[in-house]
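# Understanding the architecture of this molecule
Each chain, letter by letter, is given below.
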Amino acid sequence: MAIEVRIPTILRTYTDGQKAVEGAGSNLEELFADLDARHPGIAARLLDAGELRRFVNVYLNDEDVRFLDGVTTSLTDGDSVTILPAVAGGSR
């Protein structure tokens, strides 16, 4: 099962600079484990105690996985997963 994962600039050091990589898994948890096997250390930047880190946003086909099933969100062949660091700030 091939799933395209779009990698933000800040995490591309784990993917040798690649903007997108392929991964496999029936859900996000398995996908992140597969990514970590291929790109060691990346899962630690995405997960904390098995859940998404507070400042990491993950989208499955443009849907925020926090409003789906989180790391247990099911994946199918051809899905697209986008990882984005949360942006904070604003004007005072």
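Residues numbered from 1 in each chain as written. Predicted model: local features only at pLDDT ≥ 70, side-chain atom pairs only at ≥ 80, totals over all residues. Heavy atoms only, no water.

### Some details on the overall build of the protein
For the record, the criterion: Going along the chain from the N terminus, every DSSP run of H or I of four or more residues is numbered as a helix, and every run of E of two or more is numbered as a strand. Atoms counted for the radius of gyration: C-alpha only. Globule rule: 2.2 Å times the number of residues to the power 0.38. Each residue gets one of three labels from its accessible area relative to the maximum for its type: buried under 20%, exposed over 50%, partly exposed in between, using a 1.4 Å probe on protein chains only. Should any heavy atoms of two residues lie within 4.5 Å, those residues are counted as being in contact. Charge counting follows a simple rule: Lys and Arg are positive, Asp and Glu are negative, and His as well as the terminal groups are ignored. Taken as the charge location is NZ of Lys, CZ of Arg, CG of Asp or CD of Glu.
Assigned secondary structure in the protein consists of two helices and seven strands. Along the protein, from the amino end to the carboxyl end, the secondary structure elements read β-β-α-α-β-β-β-β-β. The globule rule puts the C-alpha radius of gyration for 92 residues at 12 Å, and the 13 Å found for the protein is close to it. Each of the three principal axes of the protein carries a C-alpha extent, and together these read 45 × 30 × 25 Å. Burial statistics for the protein: of 92 residues in total, 39% are counted as buried. For the protein, long-range pairs separated by at least 24 residues make up 50% of all intrachain contacts whose partners lie at least 6 apart in sequence. On the protein, the mean spot of the 9 positive side-chain charges and the mean spot of the 15 negative ones are 13 Å from each other.

### Observations regarding the pairing of strand β2 (residues 20-23)
Selection rule: Whether two strands pair depends on DSSP finding at least two bridges between them.
Judged by which residues are buried, β2 turns out to be one-sided: V21 and G23 face inward and are buried, whereas A20 and E22, on the alternate face, are not. Pairing of strand β1 (residues 3-6) with β2, which is carried by four bridges, proceeds in the antiparallel orientation. Each bridged residue has a counterpart across the sheet, and for V5 the counterpart in β2 is V21.

### Description of the sheet that holds β2
Quick note on the threshold: For helices, the fitted line uses only the C-alpha atoms of the stretch in contact; every axis is such a line through C-alpha atoms, and the angle between N-to-C directions lies from 0 to 180 degrees.
Ordered in space as β2-β1-β7-β5-β6, the five strands form an open sheet in which the pairing is mixed. Each end of this open sheet is capped by a strand with a single partner; those strands are β2 and β6 (63-64). Strands in contact with helix α1 (residues 28-38) are β1, β2, β5 (56-60) and β7 (80-85); relative to β2, the strand with the most contacts, it is inclined by about 115 degrees.

### Here we look at the side chain of D79
Quick reminder of the rule: Here, a salt bridge means any side-chain nitrogen of Lys or Arg that lies within 4 Å of a carboxyl oxygen of Asp or Glu. Any N or O atom pair separated by 3.5 Å or less is treated as a polar contact, with the protein-specific requirement of one donor-capable and one acceptor-capable atom, and with residues adjacent in sequence counted only for side-chain atom pairs.
Checked against the element boundaries, D79 lands in the loop between β6 and β7. The buried charged residue D79 lacks any salt bridge partner; its closest oppositely charged side chain belongs to R6, at an N-O distance of 9.9 Å. A distance of 2.7 Å separates a polar side-chain atom of D79 from the backbone nitrogen of T76. Other than its neighbours up to four places away in sequence, D79 contacts A2, I3, E4, L60, N61 and S74.

### Some thoughts on unusual backbone geometry
In this model, D16 sits at a positive phi of 55 degrees, which is unusual for a non-glycine residue. By the secondary structure assignment, D16 is in the loop between β1 and β2.

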